[in-house]
Amino acid sequence: MIYFILGSCFGSFLCVVAERVPISQPFIIARSRCVNCKRVLSFWEMIPILSSLLLKFQCRTCHKRISVTYFITEILYGLIFLLSFKQQTTIDCFITLYWLTVVLLLTLTDIYYLVIEPKIFYPSHLTLIAFLFYFNFPFYWESLVLYLIICSIILLFLNEALGMGDLLLLLFWAPWLSPHELIQLLFIASLTALLTYAIIFLTTSKKVRTLQLPFVPFLNLGLIVAHFL
Ligand SMILES: [Zn+2]
């Protein structure tokens, strides 16, 4: 329980980082403020998960809606903490936490701006690979070959189905997943993405048909289920 609470406290910080890094704003500020009316938030308005519920997802003074993303991220990051600290060894715990934190950050930038933010992606993933090599995690050549085959099929036949960013992200992950895990990841990600698209397509009216969905959230889900659970 303590890990969950600890994680959820960092969750809203991740949202702030994901919101500000792509637009080059400083993300370390003295006190949290309402984005709309700039009022400094009091302590009880900054309790993760509970505050959003108590305030009914709006600012107390200006009634500007607070994004549900904060609420969901706080819960998710709490669960990520829980999952990480359940790992057998300290190294596994560290890698799990680092990998999933980075992926959650990229998930958020993809949701906010439909980009996999390069300023976060390259440094974080190069260090991730360095850690994985350093700690001798198994490297699967088969998965890399499988990735290249899938990649060429996608690029040849399903043009634009996946963004280049998504493919690049998968390139960094693929060698560290067994072929079985890689296929499972792709299956879960595409299935949930299709389902989500179908639900949005059926429930919203008119011209949302050109709608672009961020794909990293689904890759993230696939990674957690296939590799970490
Ligand atoms: Zn306000």
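Our subject is the structure that appears above.
Residues numbered from 1 in each chain as written. Predicted model: local features only at pLDDT ≥ 70, side-chain atom pairs only at ≥ 80, totals over all residues. Heavy atoms only, no water.

## Observations concerning a nonpolar patch on the surface
Inclusion rule: Note on patches: the residues involved have over 30% relative accessible area and no salt bridge, like charges join within 9 Å, and the nonpolar side chains Val, Leu, Ile, Met, Phe, Trp and Tyr join within 5 Å. Only the protein chains shown count as cover for residues, with accessible areas throughout obtained via the Shrake-Rupley method and a probe of 1.4 Å. Any carboxyl oxygen of Asp or Glu that lies within 4 Å of a side-chain nitrogen of Lys or Arg is treated as forming a salt bridge with it. Only DSSP runs of H or I reaching four residues or more are called helices, and only runs of E reaching two or more are called strands; each is numbered from the N terminus.
On the surface, I2, Y3, L6, F10, V68, I72, L76, L79, L82 and F85 cluster together into a nonpolar patch covering about 860 Å² of accessible area. Every element with two or more residues in the nonpolar patch is listed here: α1 (2-20) and α3 (68-85). Top element by residues in the nonpolar patch is α3. It accounts for six residues. Position of I2 among the secondary structure elements: in helix α1.

## Some remarks on the pattern of salt bridges
If the charged atoms of two oppositely charged side chains come close together, the side chains can form a pair. Cut-off, in case you're wondering: Burial classes: relative accessible area under 20% of the type maximum marks a residue as buried, over 50% as exposed, and values in between as partly exposed (1.4 Å probe, protein chains only).
If you walk through the whole model with that rule in mind, you get two salt bridges. Ionic pairing is found between R60 and E45, a salt bridge with its closest N-O pair at 3.4 Å. Taken together, the positions of R60 in the loop between α2 (50-54) and α3 and E45 in the loop between α1 and α2 put the pair 15 residues apart, joining distant regions of the chain. The class of R60 is partly exposed, set by a relative accessible area of 41%. Sharing partners across several salt bridges, the network here consists of R39, E45 and R60.

## As for the environment of K38
With respect to the helices and strands, the residue K38 is situated in the loop between α1 and α2. Along the primary structure K38 and C62 are separated by 24 residues, whereas in three dimensions their C-alpha atoms are 9.7 Å apart.

## Re the packing of helix α5 (residues 118-134) against helix α7 (residues 164-173)
Here is the rule: Axis definition: a line fit to C-alpha positions, over the contact stretch in the case of helices; interaxial angles, taken between N-to-C directions, run 0 to 180 degrees. When an angle is under 35 degrees it counts as roughly parallel; over 145 it counts as roughly antiparallel; between 65 and 115 it counts as roughly perpendicular; any other value is oblique. For any pair of crossing helices, the crossing counts as left-handed if the nearer helix is rotated counterclockwise from the farther one by less than a right angle, and right-handed if it is rotated clockwise. Working rule for contacts: check all heavy atoms of both residues, and any pair within 4.5 Å makes them a contact. Each residue is assigned to one class: nonpolar for Ala, Val, Leu, Ile, Met, Phe, Trp, Tyr, Cys and Pro, charged for Asp, Glu, Lys and Arg, and polar for all the others, Gly among them.
Close contact between α5 and α7 brings their axes to 10 Å; oriented N to C, the two are set at 15 degrees. In terms of axis orientation, α5 runs roughly parallel to α7. Crossing hand, α5 versus α7: left-handed. Contacts from F121, Y122, H125, L126 and I129 of α5 reach α7 at L168, L169, F172 and W173. Grouping the constituent residues of the contact of α5 with α7 by class yields eight nonpolar, one polar and no charged.

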